[in-house]
Amino acid sequence: MKEITKEVYLKWYEDMLFWRKFEDKLAALYIQQKVRGFLHLYNGQEAVLAGALHAMNSSTDKMITAYRNHVQPIGLGVDPKRIMAELLGKATGTSQGLGGSMHIFSKEHNFYGGHGIVGAQIPVGAGLAFADKYFNTGGVTMTYFGDGAARQGSLHEAFNMAMLWKLPVVFIVENNGYAMGTSVERTANHTDIWKLGLGYEMPCGPVDGMNPVKVAEAMYEAIERARRGDGPTFLEMKTYRYRGHSMSDAQNYRSKEEVEEYKKIDPITQVLDVILENNYATTSEIEVIDQRVKDLVAECEKFAEDSPYPDKNVMYDVVYEQENYPFLPHKL
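This one's a predicted model, so the numbers in the text were calculated from it and none came from an experiment.

Quick notes on the rules
- Residues numbered from 1 in each chain as written.
- Predicted model: local features only at pLDDT ≥ 70, side-chain atom pairs only at ≥ 80, totals over all residues.
- Heavy atoms only, no water.
- Helix = DSSP H or I, 4+ residues; strand = E, 2+ residues; numbered from the N terminus.
- Buried < 20%, exposed > 50% of the residue type's maximum accessible area, 1.4 Å probe, protein only.
- Polar contact = N/O pair within 3.5 Å; in protein donor to acceptor, adjacent residues only side chain to side chain.
- Contact = heavy atoms within 4.5 Å.
- Pairing = 2+ DSSP bridges.
- Axes fitted to C-alpha atoms, helices over the stretch in contact; angles between N-to-C directions.
- Parallel < 35°, antiparallel > 145°, perpendicular 65-115°, else oblique.
- Left-handed = near helix turned anticlockwise from the far one by under 90°.
- Nonpolar A, V, L, I, M, F, W, Y, C, P; charged D, E, K, R; others polar.
- Right-handed = clockwise from strand over helix to strand, strands pointing away.
- Core = buried A, V, L, I, M, F, W, Y, C linked by side-chain atoms within 4.5 Å.

(A) Up close: the side chain of Asn175. For Asn175, the location among the structural elements is in strand E3 (residues 169–175). When its relative accessible area of 9% is taken as the criterion, Asn175 is described as buried. A distance of 2.8 Å separates the side chain of Asn175 from the side chain of Glu236, its partner in a polar contact. Aside from chain neighbours lying at most four places away, what touches Asn175 is Asp147, Val184, Thr191, Ile193, Glu236, Met237, Lys238 and Thr239.

Set out below in structure tokens:
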């Protein structure tokens, strides 16, 4: 694995802080009704993405996830201004404003969604891996889902086929404790989700999802196994979300005290502590990073606010074209 250096820690800090502040801004815009529909935020889970990106080969490896999907494409290189524009339903968004919060895509940057149907991305991720094996691309697909989706039958079908065909895929459950609002303890007779892999003799295990170093180490081992042709791995990232399932979640299933306890092991704070303890940066240098993040979030907001809404005719262009119905000319 690439060495985890001073530069890596500084990048982790800036990236994770930006992802956090970017979504804090989205929350504010949601309250102003500028972001419509559902909004699922990633606050608290940033180490899962930061660690994975360190272990991946971004030129060949793919990523697919559920609807908590705003910061992953940013990490893979998508312009964050376009992500915010998409969330505001603007024409400059990643899908011209037609996908919105739960459906961010960028084939160019190997990000395959953004899926609103619970667990739908699990077999799709296996399918992407099948394509990589078939065409011998050398790529590995990171297939993410939440603890709620781990109860879907499609997971078992995908696990079985992935092991049978030794597909180059890493299955990752981001266990943030509560699915849509029901604790893991209430959805099964066991709390170790990673043990589901044992039934398929799939390498599996738990990972500290609040620490990017632990995530990177586990992901690298799983990715290299897949790249060698030895098949899939199933990792349970034990993490936590500070906000509700979505912005409309009243969070009656947990206490504020519990949330505050988890904030004591905040992944951003953990990285900052390492930076300061090892003198990787001074307090003033950290303040410069903080300001840079603040400025970039403001730049994203301005771009999205200033962008136009898509033309209404675009709605027809992205459905289908009927040859014997020429009354709706297509532009795309």
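(B) View of the sheet that holds E3. Across the sheet, five strands lie side by side as E1-E2-E3-E5-E4; this open sheet has parallel pairing. The strands lining the two open edges of the sheet, one partner per strand, are strand E1 (62–64) and strand E4 (204–208). The sheet shows a mean angle of 20° between the axes of neighbouring strands, direction not considered. Where E1 lies against strand E2 (residues 141–146), three bridges are found, and the strand directions are parallel. What sits directly across from Ile64, in E2, is Thr143. Relative to E2, helix H5 (residues 121–134) is tilted by about 175°, and along the sheet it contacts E1, E2 and E3. The strands that helix H6 (residues 153–164) touches are E2, E3 and strand E5 (233–238); relative to E3, the one it contacts most, it runs at about 150°.

(C) Broad picture of helix H2 (residues 46–55). With respect to burial, H2 is a largely interior element, ten of its ten residues being buried. When we look at burial in H2, the residues that qualify are Glu46, Ala47, Val48, Leu49, Ala50, Gly51, Ala52, Leu53, His54 and Ala55.

(D) Structural context of unusual backbone geometry. The linkage connecting Gly113 with the following residue, Gly114, adopts the cis geometry, with an omega of 20°. In this fold, Gly114 is placed in the loop between helix H4 (80–87) and H5. The backbone of Gln33 sits at a positive phi, close to 65°, despite the residue not being glycine. Residue classification places Gln33 among the exposed residues on the basis of a relative accessible area of 54%. At Gln96, a position not held by glycine, the phi torsion is positive, near 55°.

(E) Here's a closer look at the packing of H4 against helix H10 (residues 283–306). The geometry of H4 relative to H10 is characterised by a closest axis approach of 8 Å and an angle of 50° between their N-to-C directions. With respect to H10, the axis of H4 lies oblique. The two elements H4 and H10 cross, and the hand of that crossing is right-handed. Contacts between H4 and H10 involve Pro80, Lys81, Arg82, Met84 and Ala85 from the first element and Glu299, Cys300, Glu301, Phe303 and Ala304 from the second. Residues that form the contact of H4 with H10 fall into these classes: six nonpolar, no polar and four charged.

(F) Representation of the pairing of E4. Going residue by residue along E4, you find Gly205 and Val207 tucked away on one face and Cys204, Pro206 and Asp208 left uncovered on the opposite face. Here E4 runs beside E5; their pairing, made up of five bridges, is parallel. Bridging across to E5, Pro206 finds its partner in Glu236. Assessed by its sense of winding, the connection that carries the chain from E4 through helix H7 (residues 212–227) to E5 is right-handed.

(G) Quick peek at the nonpolar core. Ranked by internal contacts, the top residues of the largest apolar core, which has 64 residues, are Tyr13, Trp19, Met63, Met142, Val170 and Met219. The contact partners of Tyr13, leaving out residues within four places of it in the chain, are Ile268, Val271, Leu272, Ile275, Ile286, Ile289 and Asp290. Within the second largest apolar cluster, 20 residues are counted, among which are Ala150, Phe159, Ala162 and Leu167.

(H) Expanded view of the pairing of E3. For E3, the tally of buried residues reaches seven of seven residues, placing the bulk of the element in the interior. Where E2 meets E3, six bridges bridge the pair, whose relative direction is parallel. Note that in E3 the partner of Met142 across the bridge is Val170. Handedness of the crossover joining E2 and E3 through H6: right-handed. As judged from the six bridges shared by E3 and E5, these two strands associate in the parallel manner. In the sheet register, Val173 faces E5, and the bridge partner there is Glu236.

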